[in-house]
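Reading the structure
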Amino acid sequence: MDLGLKGKNAIITGSTRGIGRAIAERLASEGMNVAIGARDDEATAAAGKEIAEAHGVKVFAKPCNVKDAEAYKAWLEAAIEDLGGLDVFVPNVSGGGGMDSEKNWWRNFEIDVLHTVRGAETCLPALKESGAGAIVIIGSTNAVETFMGPMAYNAMKAALVTYSKQLSQFVAGKGVRVNTVSPGPIYFEGGAWEMIKGTMPKMYEGVLKQIPAGRMGTPEEVANVVAFLASPAASLVTGVNLVADNGFTKRVQL
Ligand SMILES: NC(=O)c1ccc[n+]([C@@H]2O[C@H](COP(=O)([O-])OP(=O)(O)OC[C@H]3O[C@@H](n4cnc5c(N)ncnc54)[C@H](OP(=O)(O)O)[C@@H]3O)[C@@H](O)[C@H]2O)c1
């Protein structure tokens, strides 16, 4: 199936490793030029070089901390200018989990929510010019079913789903689609679940038991879903929260 992404441009935040990196690789493999970045400048440069060499596309690779509002806006604007326009925006960075203090609430609000909102506001003029603009927000199944405890991460991911739906209505007339992909547990080397497997094996096994297919997902499987929603092949799909969790969640989605 031709997704119709070849020659188009994408920005993916938090894209040197894990799910963000897999999304950048997947979109580049479709022939998209990509802007990637993270806080670590060496990791950003290395990822940029590897993606460009592997897929033969243009890659804008510069470090950026999305928590710094001004630097983040300047990074997005530089990426759009360098790529020569924008068709797809994937806000992927998260402040991560944790339940220890009010600090988590500020961190997840600032990183998960505000980096998505600020990013969308900065990218929307270019996305409207695209004619087939798409925003794909990275959520989590933690937003839709109780997980561990009352974490800021879970509530802020839920805020993103509501924002995503309402933004989708607001910009539909301008040719921009907005969707969320909510992954369940995703296992990869260097990722959170590898760490949990080593440090909290009982918790890891407990979560694994709740996945009827018997395994966690991979970043590449999430990237496949993102690529579809980002593409003109999904031209009818906007305002959805697509749960990609190998059956981890148990609710009925009506
Ligand atoms: N892994 C899972 O099981 C899972 C499940 C559901 C949803 N998700 C969601 O999927 C997304 C990616 O998760 P992941 O597990 O792939 O994360 P990860 O392995 O921790 O990778 C995060 C990426 O973002 C970068 N980053 C972190 N903080 C940043 C900041 N302030 N500014 C710019 N870049 C930053 C990191 O590089 P630097 O450290 O160099 O900045 C790295 O490239 C998140 O939104 C997460 O909530 C993950």
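About the cut-offs
Residues numbered from 1 in each chain as written. Predicted model: local features only at pLDDT ≥ 70, side-chain atom pairs only at ≥ 80, totals over all residues. Heavy atoms only, no water. Near = heavy atom within 4 Å. Polar contact = N/O pair within 3.5 Å; in protein donor to acceptor, adjacent residues only side chain to side chain. Areas by Shrake-Rupley, 256 points an atom, 1.4 Å probe, with all protein chains shown as cover. Helix = DSSP H or I, 4+ residues; strand = E, 2+ residues; numbered from the N terminus. Nonpolar A, V, L, I, M, F, W, Y, C, P; charged D, E, K, R; others polar. Core = buried A, V, L, I, M, F, W, Y, C linked by side-chain atoms within 4.5 Å. Buried < 20%, exposed > 50% of the residue type's maximum accessible area, 1.4 Å probe, protein only. Contact = heavy atoms within 4.5 Å.

1. Brief notes about the site of the ligand
Of all residues adjacent to the ligand, which total 26 residues, the nearest are Thr 16, Arg 39, Asn 92, Tyr 153 and Ile 186. A distance of 2.8 Å separates an oxygen atom of the ligand from a polar backbone atom of Ile 19. Within the side chain of Arg 39, an N or O atom sits 2.7 Å from an oxygen atom of the ligand. In isolation the ligand offers 890 Å² of accessible surface; the protein chains occlude 87% of this area. Breaking the shell around the ligand down by element, the ones donating at least two residues are helix 1 (18–29) and helix 5 (152–171). Residues that form the shell around the ligand fall into these classes: 12 nonpolar, 10 polar and 4 charged.

2. Side note on the nonpolar core
In this structure, Ile 12, Ile 23, Leu 27, Val 34, Val 88, Val 90 and Val 226 are the most contacted members of the largest nonpolar core, which totals 32 residues. Broken down by secondary-structure element, the contributors of at least two residues to this core are strand 1 (9–12), helix 1, strand 2 (33–36), helix 2 (41–55), strand 4 (88–90), strand 5 (133–138) and helix 8 (219–230). In terms of residues, this core owes the most to one element, helix 8, which gives 7 residues. Apart from the residues within four sequence positions on either side, Leu 27 is in contact with Leu 5, Ala 10, Ile 12, Met 32, Val 34, Val 88 and Ala 227. Counting 26 residues, the second largest nonpolar core, distinct from the first, contains Tyr 72, Ala 79, Phe 89 and Leu 167.

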